[in-house]
Amino acid sequence: MKIAIGSDHGGFALKVVLLPMLQDLGHEIDDVGCYDTGSVDYPTFADIVCKRVSAGNADCGILICGTGIGMSMAANKKDGIRAALCSDHYTASMSREHNDANVLCLGERVTGPGVAEEIVKVWLKTSFGGGRHLRRIQLFGTV
Ligand code: RB5
């Protein structure tokens, strides 16, 4: 799978943990930044990742900031993006099965690295359920 991943300074350390795991799982990774812990603005990276996903240049996206909240707010402003802020296995799974989330948001200051790795794994392997769930996400207006 081709995955676009981005973080701000508040999510950089968690991204560094997740990158080798994603590569070991065989995914093609497009790391759009940031590349160190210097202070940056999270909407910049949400915008880049969402453009990759909505243009079809990535199959899905992962965005990480301190809480995951800013990234999810910024991402969900973009047409065609269904971003899910997940902090546990169940919401990660359901965000794919019921909501067809195409961007996963994580909060480095909320979710520890071990749980984050499990969230990413289940999120990437869970398929959309379709059916009534497709009808519901079509009601968003921008799918
Ligand atoms: C940066 O300090 C922090 O505000 C950002 O990473 C994120 O948590 C915003 O939602």
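Details of the structure are given in the entry above.
Residues numbered from 1 in each chain as written. Predicted model: local features only at pLDDT ≥ 70, side-chain atom pairs only at ≥ 80, totals over all residues. Heavy atoms only, no water.

A. Spatial organisation of the pairing of strand β1 (residues 2-7). By the criterion of burial, β1 is predominantly enclosed, with five of the six residues buried. Pairing analysis gives four bridges linking β1 to strand β2 (residues 28-31), with the strands arranged parallel. Looking across to β2, one finds that lysine 2 is bridged to glutamate 28. The parallel pair β1 and β2, bridged by helix α1 (residues 12-24), forms a crossover whose chirality is right-handed. Across five bridges, the pairing between β1 and strand β3 (residues 60-65) is parallel. The residue of β3 that forms the bridge with glycine 6 is leucine 63. (Buried < 20%, exposed > 50% of the residue type's maximum accessible area, 1.4 Å probe, protein only. Helix = DSSP H or I, 4+ residues; strand = E, 2+ residues; numbered from the N terminus. Pairing = 2+ DSSP bridges. Right-handed = clockwise from strand over helix to strand, strands pointing away.)

B. Focus on the nonpolar core. In terms of nonpolar packing, the biggest core is built from 22 residues, with Leu18, Leu22, Ile62, Leu104, Leu106 and Val120 touching the most fellow members. Sorting the residues of this core by element identifies β1, α1, β3, β5 (103-107) and α5 (113-125) as the ones contributing at least two each. Not counting the four nearest positions on each side in its chain, leucine 104 is found in contact with Gly61, Ile62, Leu63, Ala84, Cys86, Ile119, Val120 and Trp123. One finds Val32, Ala46, Leu63 and Met71 within the second-largest nonpolar core, a separate group that totals 19 residues. (Core = buried A, V, L, I, M, F, W, Y, C linked by side-chain atoms within 4.5 Å. Contact = heavy atoms within 4.5 Å.)

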